[in-house]
Amino acid sequence: MLHITTERLILKPHTPKSLAWLNETFNDPNEDYFSGDDPPKERPETLEETQKLLERILNRPPDANIIDYAIHKKAGDELIGCGMIALINRYNRRCMLGIGLGWNRGNWGKGYASETLQAVIAYCFKELGMNRIGAEIYEFNKPSIKLFERNGFQLEGRIRQYIFKDGVFKDELLYGLLREDWESKNEKA
């Protein structure tokens, strides 16, 4: 079970208290635009729909190939974001990451995403024993591209015309970080 404390944050499992925040985030058009594959929502997601998703998250078996986590500020325990380590393949020692700071723009641009990503990368390599971490980012999500590149991820590929947004097909970018590259970078630091 993931539980990480950084300088300013605590990354820990979701609890039932995450419901309202998750519902507000899932109904944020900006969040949906940058991370969603589905057509724009015709109606807001109800609390009941979010509750069903949260129950699935809370009831995942410990050996599942996905780890969901909530991002809290250490001071005040405010929930400010969420993320997941997904497609965990223990045999091939690889996984994928996703991270979001949610609807409250007041938490953007303060380094919380980078602090979270650095902690999760270390967790994946040190605790889960991964050799490779991947991320899929839409080409128009410039903040995420910058975040992952700044933290050592390399562009490995492009899936052309992967998603339909704003009446146009757009690409998805494939990023990866290898354990050896991460270790080399951290040895020099």
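Refer to the structure above for everything that follows.
From a predicted model like this one, the values you see are computed outputs, not experimental measurements.

Undergrad: What should I look at first to understand the environment of Ile 163 in this one?
TA: Locating Ile 163 in the fold gives a position in strand β7 (residues 154-165). Sequence separation between Ile 163 and Asp 38 is 125 residues; the distance between their C-alpha atoms is 9.2 Å. Aside from chain neighbours lying at most four places away, what touches Ile 163 is Gly 36, Asp 37, Tyr 138, Phe 140, Val 168, Phe 169 and Lys 170.

Undergrad: Would you mind showing me how to read the pairing of strand β2 (residues 9-12) here?
TA: The side chains of a regular strand alternate between the sheet's two faces. On β2, burial covers both faces: Leu 9 and Leu 11 on one face and Ile 10 and Lys 12 on the other are all buried. Bridge count for strand β1 (residues 4-5) against β2 is two bridges, and the pairing is antiparallel. Looking at β2, one finds that Thr 5 is bridged to Ile 10. Taking the residues that link successive antiparallel strands as the turn, the β1-β2 hairpin has three residues. As judged from the four bridges shared by β2 and strand β3 (residues 67-73), these two strands associate in the antiparallel manner.

Undergrad: What is the right way to look at the environment of Glu 139 in this model?
TA: Relative to the helices and strands, Glu 139 is located in the loop between β6 (132-138) and α5 (142-150). Between the C-alpha atoms of Glu 139 and Lys 170, which are 31 residues apart in sequence, the distance is 7.0 Å. With residues up to four places along the chain from it excluded, the contact list for Glu 139 reads Ile 145, Arg 158, Lys 170, Asp 171 and Leu 173. In terms of polar contacts, Glu 139 uses its side chain to reach the side chain of Arg 158, at 3.4 Å. Within the structure, Glu 139 has its side chain in polar contact with the backbone nitrogen of Asp 171 (distance 2.9 Å).

Undergrad: Whenever I open this one, the nonpolar core confuses me. Can you help?
TA: Here is a general trend for soluble globular proteins: nonpolar side chains tend to be buried in one another's company. Ile 85, Leu 97, Ile 121, Cys 124 and Phe 153 are the most contacted members of the largest nonpolar core, which totals 36 residues. Sorting the residues of this core by element identifies β2, β3, β4 (79-89), β5 (94-100), α4 (112-127), β6, α5 and β8 (168-178) as the ones contributing at least two each. Per-element tally for this core: the top contributor is α4, with 10 residues. Of all hydrophobic cores here, the second largest spans seven residues; its members include Trp 21, Leu 54, Ala 70 and Leu 79.

Undergrad: Would you take a moment to explain the sheet that holds β6 for this structure?
TA: Backbone-to-backbone hydrogen bonds join strands into a sheet, with any given pair of strands oriented parallel or antiparallel. What the eight strands build is an open sheet, ordered β1-β2-β3-β4-β5-β6-β8-β7; its pairing is mixed. On the outer flanks of this sheet lie β1 and β7, each paired with one strand and no other. Taken together, the eight bridges between β7 and β8 define a ladder with antiparallel strand orientation. Bridging across to β8, Gly 157 finds its partner in Leu 174. Against the sheet, α4 engages β1, β2, β3, β4, β5, β6 and β8, with an angle of about 160 degrees to β5.

Undergrad: So what exactly am I meant to see when it comes to the layout of surface pockets here?
TA: Left-over empty space is what a probe sized like a water molecule reveals as it rolls over the atoms. Of the volumes computed, that of the second largest pocket is approximately 410 Å³. Taken together, 18 residues form the lining of the second largest pocket, with Met 1, Arg 60, Pro 62, Ile 66 and Ile 67 sitting closest to its centre. When contributions to the lining of the second largest pocket are tallied by element, the ones reaching two or more residues are α3 (47-58) and β3. Among the elements that take part in the lining of the second largest pocket, β3 stands out by supplying three residues, more than any other. Residue composition of the lining of the second largest pocket, grouped by class: 13 nonpolar, one polar and four charged.

Undergrad: Could you clarify how one ought to interpret the pattern of salt bridges in this entry?
TA: Oppositely charged side chains can pair when the atoms bearing their charge come close. One pass over the full model with this rule turns up 10 salt bridges. Between Lys 12 and Asp 77 there is a salt bridge, and its shortest N-O distance comes to 2.9 Å. Of this pair, Lys 12 sits in strand β2 while Asp 77 sits in the loop between β3 and β4; the two residues are 65 residues apart in sequence, bridging distant segments of the chain. The salt bridge partner of Glu 139 is Arg 158, with a shortest N-O separation of 3.4 Å. Residue Glu 139 is located in the loop between β6 and α5, and its partner Arg 158 is located in strand β7; the two are separated by 19 residues in the primary sequence. Residue classification places Glu 139 among the partly exposed residues on the basis of a relative accessible area of 23%. Taken together, the salt bridges that share partners define one network made up of Glu 139, Arg 158 and Asp 171.

Criteria and cut-off values
Residues numbered from 1 in each chain as written. Predicted model: local features only at pLDDT ≥ 70, side-chain atom pairs only at ≥ 80, totals over all residues. Heavy atoms only, no water. Helix = DSSP H or I, 4+ residues; strand = E, 2+ residues; numbered from the N terminus. Contact = heavy atoms within 4.5 Å. Buried < 20%, exposed > 50% of the residue type's maximum accessible area, 1.4 Å probe, protein only. Pairing = 2+ DSSP bridges. Polar contact = N/O pair within 3.5 Å; in protein donor to acceptor, adjacent residues only side chain to side chain. Core = buried A, V, L, I, M, F, W, Y, C linked by side-chain atoms within 4.5 Å. Axes fitted to C-alpha atoms, helices over the stretch in contact; angles between N-to-C directions. 1 Å grid on protein atoms, 1.4 Å probe; cavity = no way out; pocket = protein on both sides within 12 Å on 5 of 7 lines; lining within 4 Å. Points joined across faces, edges and corners; volume = space filled by probe spheres on them. Nonpolar A, V, L, I, M, F, W, Y, C, P; charged D, E, K, R; others polar. Salt bridge = Lys/Arg side-chain N within 4 Å of Asp/Glu carboxyl O.

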